[in-house]
Amino acid sequence: MIKKNPFRYFKTSPEVIRLAVMMYVRFPLSLRNVEDLLHERGIDICHETVRYWWNRFGPLFAREIRKKRLHPPQNHSNWKWHLDEVFVKINGETHYLWRAVDHEGEVLECFVSKRRDRNAALVFLKKIMKRYGRPNKIVTDRLRSYRAAMKVIGNAGVQEVGWWKNNRCENSHLPFRRREQAMLKFRRRRSLQKFVSIHASVHNHFNHERHLTKRETFKLQRNAALVEWQQLSAA
């Protein structure tokens, strides 16, 4: 089966499109910030072009990143999960963004809901377990919806609740919060779900935990991540 080139109808080179999408999704920049930064490099585009590119190619790049990420046998991400929810305003109405990260800080799943009850927690847990299986431990806050949903699934015995135990997930909200502020909030629930899924994949791809590795190792990992990004959706 011949793989179709997703850039075949675009006059702009794929390198420029990948750069624009990476700058907008990875860093807390607005559409016009990306337009100005590309203008300094001699690339003349409109901010609406950047919007179209990330909407068109963002899900495509995120899908390829998820496929290329390798997991060892028995999936080490099943050792411990950290679950938490974030309050997000959409047109003045409060929604809840459920997020799950593993013990290394890698974002596993994001899910947007209007409620914070047992049904929403149940849908969220089923989405994660469908992709990653059952974990050995699940660290949550004191929200009762988690406990109720885990009783339905049958893994209430692996839940852990305690002070400061969920700091791993609490700290993982910061990149999204910075990005949300730069985007001036969200206007639709569907656009929020779409962006957080793309943002999670891009964040995982470029997150090397530089505070835990030597400078030489971090530089090698950073270069490798950039090379892999430049080869996404290559013909």
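Structural data are supplied above this passage.
Here, residues in each chain are numbered from 1, in the same order as that chain's written sequence. With the structure being a predicted model, the display of local features is reserved for residues of pLDDT at least 70 and the display and counting of side-chain atom pairs for 80 or more, all residues being used for whole-chain, interface and lining totals. Excluded from the side-chain calculation are hydrogens and water; included are all heavy atoms of the structure.

Visitor: For this particular structure, what's the right way to read the nonpolar core?
Guide: As a rule of thumb, soluble globular proteins bury nonpolar side chains together. The set of buried Ala, Val, Leu, Ile, Met, Phe, Trp, Tyr and Cys residues whose side-chain atoms join them within 4.5 Å is what this entry labels a nonpolar core. Only protein chains enter the area calculation, which uses a 1.4 Å probe; residues under 20% of their type maximum are buried, those over 50% are exposed, and those in between are partly exposed. Counting residues in each nonpolar core, the largest one holds 46 residues, and the members touching the most others are Tyr24, Trp53 and Trp229. Helical segments are the DSSP runs of H or I of at least four residues, strand segments are the runs of E of at least two, and each set is numbered from the N terminus. Here the element with the most residues in this core is helix 1 (residues 14-26); it accounts for 9 residues. Once residues lying within four places of it in the same chain are set aside, the contact partners of Trp229 are Arg18, Leu19, Val21, Met22, Phe61, Ile65, Val202, His205 and Phe206. Within the second largest apolar cluster, 22 residues are counted, among which are Leu83, Leu108, Met129 and Tyr132. In what follows, a contact means two residues having at least one pair of non-hydrogen atoms within 4.5 Å.

Visitor: Would you mind showing me how to read the packing of aromatic side chains here?
Guide: Two measures describe an aromatic ring pair: the distance that separates the ring centres and the angle between the ring planes. Two rings from Phe, Tyr or Trp (for Trp, the six-membered ring) form a pair when their centres are within 6.5 Å of each other. A pair whose planes differ by under 30 degrees is stacked, one over 60 is edge-to-face, and the rest are tilted. By the definition in use, this model includes 16 aromatic pairs. Here the aromatic rings of Tyr24 and Trp54 are separated by 5.8 Å at their centres, their planes lie at 35°, and the arrangement is tilted. On the criterion of sequence distance, the pair formed by Tyr24 in helix 1 and Trp54 in helix 3 (residues 47-68) is long-range, its members being 30 residues apart. For Tyr24, a relative accessible area of 5% puts it in the buried group. Judged by relative accessible area, which is 6%, Trp54 ranks as buried. Ring pairs connect the aromatic residues Phe7, Phe10, Tyr52, Phe57, Phe61, Phe206 and Trp229, which therefore count as one cluster.

Visitor: Sorry, what's going on with the side chain of His82 here?
Guide: Tracing the sequence through the fold places His82 in strand 1 (residues 80-90). Residue classification places His82 among the buried positions, given a relative accessible area of 5%. Polar contacts, as counted here, are pairs of nitrogen or oxygen atoms within 3.5 Å of one another; within protein the pair requires one atom able to donate a hydrogen and one able to accept it, and residues that are adjacent in sequence qualify only if both atoms are side-chain atoms. At 3.3 Å, the side chain of His82 forms a polar contact with the side chain of Asn166. Those residues in contact with His82, other than ones at most four positions away along the chain, are Arg99, Ala100, Val101, Asp102, His103, Val139, Lys165, Asn166, Arg168 and Cys169.

Visitor: Please explain the pairing of strand 4 (residues 137-140) as it appears in this structure.
Guide: Any two strands between which DSSP finds at least two bridges are classified as paired. Sheet topology note: the strand 1/strand 4 ladder contains 3 bridges and is parallel. Its bridge partner being in strand 4, Lys80 is matched across the sheet by Lys137. Where strand 4 lies against strand 5 (residues 159-161), 3 bridges are found, and the strand directions are parallel. Looking at strand 5, one finds that Val139 is bridged to Glu160. Handedness of a crossover: with both strands directed away from the viewer, a clockwise path from the first strand across the helix to the second marks it as right-handed. Handedness of the strand 4-helix 5 (residues 144-153)-strand 5 crossover: right-handed.

Visitor: I'm lost on the environment of Val112 in this one. Help?
Guide: In this structure, Val112 sits in strand 3 (residues 107-113). Along the chain, Val112 and His95 lie 17 residues apart, while their C-alpha atoms are 7.0 Å from each other. Beyond its immediate stretch of four places on either side in the chain, Val112 contacts His95, Tyr96, Leu97, Arg189, Leu192 and Gln193.

Visitor: What am I meant to see in the pattern of salt bridges here?
Guide: It is possible for side chains bearing opposite charge to pair when their charged atoms get close. By convention in these notes, a salt bridge is any Lys or Arg side-chain nitrogen within 4 Å of a carboxyl oxygen on Asp or Glu. For the coordinates displayed, the defined rule picks out 9 salt bridges. Glu160 is the partner of Lys137 in a salt bridge, and the nearest nitrogen-oxygen pair spans 3.7 Å. In this pair, Lys137 sits in strand 4 while Glu160 sits in strand 5, placing the two residues 23 residues apart along the sequence. One salt bridge in this structure joins Lys165 and Glu160, with 3.9 Å as the shortest N-O distance. Several salt bridges share partner residues, and in doing so they unite Lys137, Glu160 and Lys165 into one network.

Visitor: For this particular structure, what's the right way to read the sheet that holds strand 3?
Guide: Think of a sheet as strands paired side by side through backbone hydrogen bonds, with each pair either parallel or antiparallel. Pairing in this open sheet of 5 strands is mixed, and the strands run 3-2-1-4-5 from one edge to the other. What marks the edges here is a single partner per strand, and that holds for strand 3 and strand 5. On average, each strand axis in the sheet is tilted by 25° relative to the strand beside it, whichever way the strands run. Lines are fitted to the C-alpha atoms to define the axes, a helix being fitted only along its stretch in contact, and any angle between axes, read from their N-to-C directions, falls within 0 to 180 degrees. Lying over the sheet, helix 6 (residues 167-182) contacts strand 1 and strand 2 (93-102), oriented at roughly 30° with respect to strand 1.

Visitor: Sorry if this is basic, but what is going on with the pairing of strand 2 here?
Guide: Along any regular strand the residues' side chains alternate between the sheet's two faces. Most of strand 2 is tucked away: 8 of the 10 residues are buried. Pairing of strand 1 with strand 2, which is carried by 10 bridges, proceeds in the antiparallel orientation. Considered in strand 2, the bridge of Val86 is made with Leu97. Between the antiparallel neighbours strand 1 and strand 2 lie 2 residues, among them Asn91 with a positive phi of about 55°. Looking at chain direction, strand 2 and strand 3 are connected through 6 bridges and run antiparallel. Paired with Leu97 across the strands is Val112, a residue of strand 3. Between strand 2 and the antiparallel strand that follows it, strand 3, lie 4 residues; Gly105 among them carries a positive phi value of about 90°.

Note that every value here comes from positions in space, so none of it alone points to a role or purpose.
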